[in-house]
Amino acid sequence: MTVNLEVAEGVGTLRLDRPPMNALDVATQDRLKELAEEATRREDVRAVVIYGGEKVFAAGADIKEMQAMDHTAMILRARALQDSFTAVARIPKPVVAAVTGYALGGGCELALCADFRIAGENAKLGQPEILLGLIPGAGGTQRLARLIGPSKAKDLIFTGRQVKADEALGLGLVDRVVPAAEVYEAAHTWAAKLAQGPAIALRAAKESIDTGLETDIETGLAVERNWFAGLFATEDRERGMRSFVEEGPGKAKFL
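Parameters at a glance
- Residues numbered from 1 in each chain as written.
- Predicted model: local features only at pLDDT ≥ 70, side-chain atom pairs only at ≥ 80, totals over all residues.
- Heavy atoms only, no water.
- Buried < 20%, exposed > 50% of the residue type's maximum accessible area, 1.4 Å probe, protein only.
- Helix = DSSP H or I, 4+ residues; strand = E, 2+ residues; numbered from the N terminus.
- Pairing = 2+ DSSP bridges.
- Axes fitted to C-alpha atoms, helices over the stretch in contact; angles between N-to-C directions.
- Left-handed = near helix turned anticlockwise from the far one by under 90°.
- Contact = heavy atoms within 4.5 Å.
- Nonpolar A, V, L, I, M, F, W, Y, C, P; charged D, E, K, R; others polar.
- 1 Å grid on protein atoms, 1.4 Å probe; cavity = no way out; pocket = protein on both sides within 12 Å on 5 of 7 lines; lining within 4 Å.
- Points joined across faces, edges and corners; volume = space filled by probe spheres on them.

With that out of the way, let us pick up the pairing of strand E6 (residues 116–120). Where burial is concerned, most of E6 is hidden: four out of the five residues are buried. Bridge count between E6 and strand E9 (residues 176–178): three bridges; the pairing is parallel. Paired with Ala-119 across the bridge in E9 is Val-177.

The structure is reproduced here in structure tokens:
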């Protein structure tokens, strides 16, 4: 399989495994969607890490496969391509991308689907599609601009240039930089900590933020308001407030 889902300590690792560069061909895209939906359904998965291995995250689409596709073929495929990445972005649980080596084109777009990005010092990220006479097609024009702002996104997309980890951190494209050998451990630690948190409240927080970014503030506030009130019906809310009153802040243990 080109993508695997491994679960430990409440953390599901979506592991890309298509050596040497984890090129995201059609089969890999479809498998990614399938496993993202499985991670969404599984109650034993409370947080997710996306990882490509020690040497490379994902160097982009399979260009040889794409070269053989004509206009009609891509019209039929483009929606499925976006849907595979959207399935990752819509996982209603905390998701962190553990980025080593190249995260280019579709690889960068996959990292953008995460809530948090930890990059190795050897990471290089970018959207080089313009150099092929194309634009990003798996969400890059939308998610990148929302993450780092339109001007910075246009710089990367118009030029197709690659940025190293330190510049990516300055741009806000990644959230933390660590030695390459520590990337997965750092990502898993982040995810495992959140996996112990209140699952429904985390889902509510993610949906409220993401919906707010995609719509007007009044709609976003309505989503927030409904989730906020709804959480008062959960056992986690009772547990969290009781622990706060009896033991002080930050000591609640959630199921």
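Contact geometry for helix H1 (residues 26–41) and helix H3 (residues 71–89): axes closest at 8 Å, N-to-C directions at 40°. Like other packed secondary-structure pairs, H1 and H3 cross with a definite hand, here left-handed. Residues Val-26, Gln-29, Asp-30, Leu-32, Lys-33, Ala-36 and Glu-37 of H1 form the contact with H3, whose participating residues are Arg-77, Leu-81, Asp-83, Ser-84, Ala-87 and Val-88. Grouping the constituent residues of the contact of H1 with H3 by class yields six nonpolar, two polar and five charged.

Here the focus is the layout of surface pockets. In this structure, the largest pocket occupies an estimated 790 Å³ of space. Looking at the largest pocket, it is lined by 28 residues, and the ones nearest its centre are Ala-89, Leu-112, Arg-143, Asp-210 and Glu-214. Going through the elements one at a time, H3, helix H5 (140–148), helix H8 (183–195) and helix H9 (199–214) are the ones with two or more residues in the lining of the largest pocket. With seven residues, the single largest contributor to the lining of the largest pocket is H9. Partitioning the lining of the largest pocket into residue classes produces 14 nonpolar, six polar and eight charged.

Across the six residues that make up strand E2 (residues 11–16), a large majority, five, are buried. Two strands pair when backbone bridges link them, and strand E1 (residues 3–8) and E2 are joined in this way by six bridges, in the antiparallel orientation. Opposite Glu-6, over in E2, you have Thr-13 as the bridge partner. With antiparallel pairing between neighbouring strands as the criterion, E1 and E2 make up a hairpin whose turn holds two residues, including Glu-9 at a positive phi of roughly 60°. Bridge count between E2 and strand E3 (residues 47–51): five bridges; the pairing is parallel.

Now for the sheet that holds E2. Read across the sheet, six strands follow the order E1-E2-E3-E4-E6-E9 without closing on themselves; strand pairing throughout is mixed. Of all the strands in the sheet, just E1 and E9 have a single pairing partner and so form its edges. On average, adjacent strands in this sheet sit at an angle of 20° to one another, irrespective of strand direction. Sheet contacts for H1: E1, E2 and E3; angle to E1, the most-contacted strand, approximately 25°.

With mixed pairing, the three strands of this open sheet are ordered in space as E5-E7-E8. One side of each edge strand has no neighbouring strand; the edge strands of this open sheet are strand E5 (102–104) and strand E8 (162–164). Within this sheet the neighbouring strands show an average axis-to-axis angle of 20°, counted without direction. Where E5 meets strand E7 (residues 124–126), three bridges bridge the pair, whose relative direction is parallel. Looking at the pairing, Leu-104 lines up with Gly-126 of E7.

This paragraph deals with the environment of Val-96. Along the chain, the position of Val-96 falls in strand E4 (residues 95–99). Of the residues examined, Val-96 reaches a relative accessible area of 0% and is grouped as buried. Note: C-alpha distance between Val-96 and Cys-113 (17 residues apart in sequence) is 8.9 Å. Once residues lying within four places of it in the same chain are set aside, the contact partners of Val-96 are Val-48, Val-49, Ile-50, Ala-114, Phe-116, Ile-118, Ala-187, Trp-190 and Ala-191.

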